[in-house]
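Residue-level structure breakdown
What follows is the residue order along each chain.
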Amino acid sequence: MALLPTPSASGKNGPGQGVRKVREKALLLFIFACFVLICFGAFNFVPESWDKVNVQVTDRSRTLVGRVGQDNQVLVKPPQNIHAEEEAKAKVDERKTEGGSKAKATMKYVEIDMSSLDKSSAEYKRLFVKKMAQHAWQGYEAFAWGENELKPLSQRGHSASVFGATHMGATIVDSLDTLHIMGMTEEFERAKTWVTEELNFDQDAYVSTFEMTIRFVGGLLSTYALTNDEALKNKALEIAEKLLPAYSSSTGLSYSLVHLRRGEVKNWNWSPGKASILSEVGTMQLEMAYLTELTGKKVFHEKAHAAREALFKPSRPEGLYYNYISPDHGNW
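Residues numbered from 1 in each chain as written. Predicted model: local features only at pLDDT ≥ 70, side-chain atom pairs only at ≥ 80, totals over all residues. Heavy atoms only, no water.

Quick notes on the pattern of salt bridges
Tallied over the entire structure, the rule returns 11 salt bridges. One salt bridge in this structure joins arginine 215 and glutamate 211, with 2.9 Å as the shortest N-O distance. Highlighted residues: arginine 215 and glutamate 211, both in helix 6 (residues 209-227), separated by four residues, approximately one helical turn. For glutamate 211, a relative accessible area of 14% translates into the label buried. The partner of lysine 233 in a salt bridge is glutamate 230, and the shortest N-O contact between them spans 3.0 Å. Here the residue lysine 233 and the residue glutamate 230 both occupy positions in helix 7 (residues 230-243), the gap between them amounting to three residues, near one helical turn. By relative accessible area, which is 38% here, glutamate 230 ends up partly exposed. A single salt-bridge network, built from bridges that share partners, covers Glu189, Lys192 and Asp229. (Salt bridge = Lys/Arg side-chain N within 4 Å of Asp/Glu carboxyl O. Helix = DSSP H or I, 4+ residues; strand = E, 2+ residues; numbered from the N terminus. Buried < 20%, exposed > 50% of the residue type's maximum accessible area, 1.4 Å probe, protein only.)

Shown next as structure tokens:
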């Protein structure tokens, strides 16, 4: 008896042949899907630097640059770019903002000397934290000035995701109050000058209502509270007005995304049922209420408060809230 199906008298394949072809097609489709998934993951999640994770161990006499092995040991290799901090400062005059104008080439940093302090003292720990902040800020200024974020491994700016494809200096705005509190005066003044002279909210992009509220409105207002600089308050008012369309739903609940130029709103495609996110809807009242207090414009507090009140209307099993809620129907 033949083990393989033989063509029938009419020249057509037997019934088993068609089944195998379907299975082969399914297998090929599965392999292709896996290949696409691997490529997507590599493109989005693998660090741009092929050096993987660089570990830099520095003291007064040496700098070792290596990578972490499987046993968590540093595999030392010949020093590469051990003067990275100095080169970062030198690159400042090469920075360019979105408009193409050269950034200020003169950067002044106050060197922090902790050599005379006891390492167990509170003052040493305070200055150590400040020095870390200064190191991170210098990297951003040198390699990503005006961009929303810095990719430290590739030393490039990154402007996408929750801020859209914009160049609104999210790191600058979000760091203003920290720079002021830490006494980083030179850095703060450069950051404030950029915000007042170059920050532009007229962007052709969808941005996150939540992120723009807590980072931009919140960042600007908190710095205003520390400095009483009216220019910062006015900037907060400008962006808050552009976010108001996000509260245009029939329930008062805010949408996750708003287009800064057109005022159109929508939710994330990955959100179940394209619903709004609980942690976003319920945490924007502080910034909006404070803005109302400063400007006398009640609309900001009213909109944010209405969104919060809408969260109490649907039933909550055992008093617990769901993660997502529909801004159109008010249902979980």
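What follows continues from the structure just given.
Notes on unusual backbone geometry
Despite not being glycine, glutamine 155 shows a phi value in the positive range, around 55 degrees. Its location among the elements puts glutamine 155 in the loop between strand 4 (149-151) and strand 5 (156-158). Judged by relative accessible area, which is 32%, glutamine 155 ranks as partly exposed. Its identity is not glycine, yet glutamate 318 carries a phi of approximately 60 degrees, on the positive side. The topology assignment puts glutamate 318 in the loop between helix 10 (299-310) and strand 10 (324-325). Judged by its relative accessible area of 79%, glutamate 318 falls in the exposed class.

Regarding the sheet that holds strand 6 (residues 206-208)
Through backbone hydrogen bonds, the strands of a sheet pair up, either in parallel or in antiparallel fashion. The three strands lie next to each other as 6-7-8, forming an open sheet whose pairing is antiparallel. Because the sheet does not close on itself, it has two edges, and the strands there are strand 6 and strand 8 (265-266). Bridging between strand 6 and strand 7 (residues 257-259) involves three bridges; their strand directions are antiparallel. In the sheet register, serine 208 faces strand 7, and the bridge partner there is leucine 257. Along the sheet, helix 6 makes contact with strand 6 and strand 7, crossing strand 6 at roughly 60 degrees. (Pairing = 2+ DSSP bridges. Contact = heavy atoms within 4.5 Å. Axes fitted to C-alpha atoms, helices over the stretch in contact; angles between N-to-C directions.)

Observations regarding helix 6
Between its first and last C-alpha atoms helix 6 spans 26 Å; for 19 residues at 1.5 Å apiece the expected length is 27 Å, and the two agree. Just downstream of helix 6, asparagine 228 is the residue with a positive phi angle, here 60 degrees. (Expected span 1.5 Å × (residues − 1).)

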